[in-house]
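An overview of the molecular structure
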Amino acid sequence: MAIESQQAPSVETEVGNYAHGADAAAEGANLDPKRWAALLVLLVSAFMDLLDGTIANVAAPSMQRELGAGYSAIQWVLVGYQLAFALMLILGGRLGDIYGRKKMFLLGVAGFTLASLAAGVSQEPWQLVAARVVQGAFSGVMVPQVLSIIHVTFSDKERGTAFALHGLVGGLAATLGLALGGLMVEWNLFGLDWRLIFLVNVPVGLLGLAYGSKVISESKAPHALRLDTLGVVLATAGMVMLVYPLLQGRELGWPVWGYVSMIAAAPVLAVFVLWQRAKARKDGSPLVELSLFRIRSFSSGLAVNMIFYTGMGMFTIGWTLYMQIGQGWSPMRAGLTSLPFCVGAFLTATSSVMILVPKFGRKAMQVGAVVLVVGLATYIWVAGAKGSEVTSWHIAAPLFLVGLGFGTVATPLPLIVTSEVPHKDAGSASGLVNTNTQLGFAIGGALVSVVFFGGLVGNTGSSVDDHMANLRKDLVVTAQLTPGEARTTAEAYRTCATDRAGQKDLQVTPASCTAAPLRDARVAPVLSKYQGEVRGDSFAASFQTLMSVFIGITAVVFALMFAIPRRLRSEDQGQAEGTSAEVS
């Protein structure tokens, strides 16, 4: 299916083992007979990559403990992967267009598998960081080929199903990563602890290499393209200057140089655009085909995609903080709590692409955005009403609604963005889509520092004040303190709680928490009771603020959807109409 726009669909022939004709019968005869087996390999590889990003967050404390790593080293285990991944996506997509998408996909899988093995056997923090950076880089080569191979392999009629399955796999990996990571770490299978989350990729990767080499057909651009080396340098420099400060801003205290770097990224990327135009005129081999942005479905779809994933990135990180730190739930419980979200996303992932969007167009996605807002609003009410006493059952219904909305909005976006992309630029377009998504997540992660942590200290102080009268009373009755001692201890506890909430690393104990009144053995049981309630209530309040902002972002997404072409139509029909117009 293609999104209707003002540009006539491309009729270029793809170089590969199959053809893409306008006639339906001919197209059916020329389709790759192994395409569904190839899709299985592609989806398993995509699942492996997406799962790895989520599961590493869950296992980070265990890595830090066993390797004796500092907080900054563990941060680089996570950030190094994300940064390398984001930087390689555009280049990886274009390499597929130039040298062959199957070849680049298998190279990416091989590198990802070897890097996973290296991460699993690491003995020092620097070894794990290096392995994760290499793993992210090869993932950036592998992932763009998934969408581009789907785009050039399947017919218009089948492409919706393929993209629906791809979206479903993405949603499942993002949420199941919490549960699977918790299970692997808590069960400590074979005594491997956190290492298993990386080593499990090795047999999966080897199977993918063996099977993928047999069932995936090679394809690349029909005309010889050259690698744009200067474009690679400019794009990489601009992305580093923009993405690195976003990923590391909070941990580094948002230094001035970070803002300077992000501002300076704009002229660097502007030079990149100018060079891409010159390169296109010179030899027709730019790193990014700028003409793609003249396609309405591509440009409007990218805008919706980035803003939507900015909200989702913010929600995903805030949700994890709320459950695992605020409520003190184990990774396994947090993962199992996410199952209603998975169910909701599963129900709409396939139906939105195969039924709803083809029949109702952008209206179906806008209804999905409304459902998402209803789910978020319900979650805000539950979090405020239950505070630290919330249970998994309390938030099951809101999460189900959020999952329904997510599946309806997110799953059709890759299909919409790439629907009218010429086959010769499938890799470049896929790299742009994935980079766009990654940038949205990075911006969302940066907003967590402002929206969630920005109000956490104040929310913690307010929560302590709400409990202050009962705390003093319990200190007198239970801990046998005098009223004066109880007042001093309660004030010391308030300072400790707010200082802890302002820490970059929430596991570090502030100096104020070692004050003499708090070291009294008599007060420990009382303070422990209130500590959980204060933390739960303050994190709930911060998460409510975050979800309110996400509602605002979703409203912007809803409005931007009016820029997306109204209805879907057959690409073959579009080609016939374009041919008729030329003849007349």
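Residues numbered from 1 in each chain as written. Predicted model: local features only at pLDDT ≥ 70, side-chain atom pairs only at ≥ 80, totals over all residues. Heavy atoms only, no water.

What follows concerns the nonpolar core. Ranked by internal contacts, the top residues of the largest apolar core, which has 49 residues, are F308, F315, Y379 and F543. Only α11 (296-326), α13 (339-360), α14 (362-386), α15 (396-410), α16 (412-418), α17 (426-451) and α20 (524-560) provide two or more residues apiece to this core. Contact partners of F315, with chain neighbours within four places excluded, come to L376, L399, V402, F543, L546, M547 and F550. (Core = buried A, V, L, I, M, F, W, Y, C linked by side-chain atoms within 4.5 Å. Buried < 20%, exposed > 50% of the residue type's maximum accessible area, 1.4 Å probe, protein only. Helix = DSSP H or I, 4+ residues; strand = E, 2+ residues; numbered from the N terminus. Contact = heavy atoms within 4.5 Å.)

To continue, consider the packing of aromatic side chains. Two measures describe an aromatic ring pair: the distance that separates the ring centres and the angle between the ring planes. This model, assessed by the stated rule, comprises 20 aromatic pairs. For the pair Y322 and Y379, a centre-to-centre distance of 6.1 Å together with 75° between the ring planes defines the contact as edge-to-face. Of this pair, Y322 sits in helix α11 while Y379 sits in helix α14; the two residues are 57 residues apart in sequence, bridging distant segments of the chain. A single burial state applies to Y322 and to Y379, both of which are buried. Their ring planes at 40° and their centres at 5.4 Å tell us that F341 and F406 sit as a pair that is tilted. (Phe/Tyr/Trp six-rings, centres within 6.5 Å; stacked < 30°, edge-to-face > 60°.)

Attention shifts here to the environment of R277. Residue position: R277 is located in helix α10 (residues 256-283). Assessed through its relative accessible area of 48%, R277 is described here as partly exposed. Separated by twelve residues in the primary sequence, R277 and E289 have C-alpha atoms spaced 8.6 Å apart.

Residue placement: L336 occurs in helix α12 (residues 331-337). As a C-alpha pair, L336 and S392 span 56 residues in sequence and 8.6 Å in three-dimensional space.

Considering all chains together, one arrives at one disulfide under this definition. Here C496 engages in a disulfide with C513; their sulfurs sit 1.9 Å apart. Disulfide C496-C513: the torsion about the S-S bond is 95°, which places it as right-handed. Here C513 lies in the loop between α19 (483-501) and α20 and C496 lies in helix α19, a separation of 17 residues in the sequence. Relative accessible area serves as the criterion here: at 8%, C496 is assigned to the buried category. By relative accessible area, C513 is classed as buried at 13%. (Disulfide = S-S within 2.5 Å.)

Moving on: the environment of M547. For M547, the position within the fold is in helix α20. The spacing of M547 and W319 is 228 residues in sequence and 9.3 Å in space, taken between C-alpha atoms. Once residues within four sequence positions are removed from consideration, M547 is found in contact with F315, L376, Y379 and I380.

For α19, with 19 residues, the first-to-last C-alpha span of 27 Å sits near the 27 Å given by 1.5 Å per residue. Three or more residues of α19 are buried, namely A486, T489, A490, A492, Y493, C496, A497, T498 and A501. At its buried positions, α19 is contacted by α18 (456-477) and α20. (Expected span 1.5 Å × (residues − 1).)

With that settled, consider the packing of helix α4 (residues 101-120) against helix α8 (residues 201-215). When two helices pack together, their arrangement is given by the angle between the helix axes and the distance between those axes. For the pair α4 and α8, the least separation of the axes is 9 Å and the interaxial angle reads 160°. Between α4 and α8, the interaxial angle falls into the category roughly antiparallel. At the point where α4 passes α8, the crossing takes the left-handed sense. Across from K102, L106, V109, A110, F112, T113, S116 and L117 in α4, the residues of α8 making contact are N201, V202, G205, L206, G208, L209, G212 and S213. Each residue belonging to the contact of α4 with α8 can be placed in one class, and the counts come to eight nonpolar, seven polar and one charged. (Axes fitted to C-alpha atoms, helices over the stretch in contact; angles between N-to-C directions. Parallel < 35°, antiparallel > 145°, perpendicular 65-115°, else oblique. Left-handed = near helix turned anticlockwise from the far one by under 90°. Nonpolar A, V, L, I, M, F, W, Y, C, P; charged D, E, K, R; others polar.)

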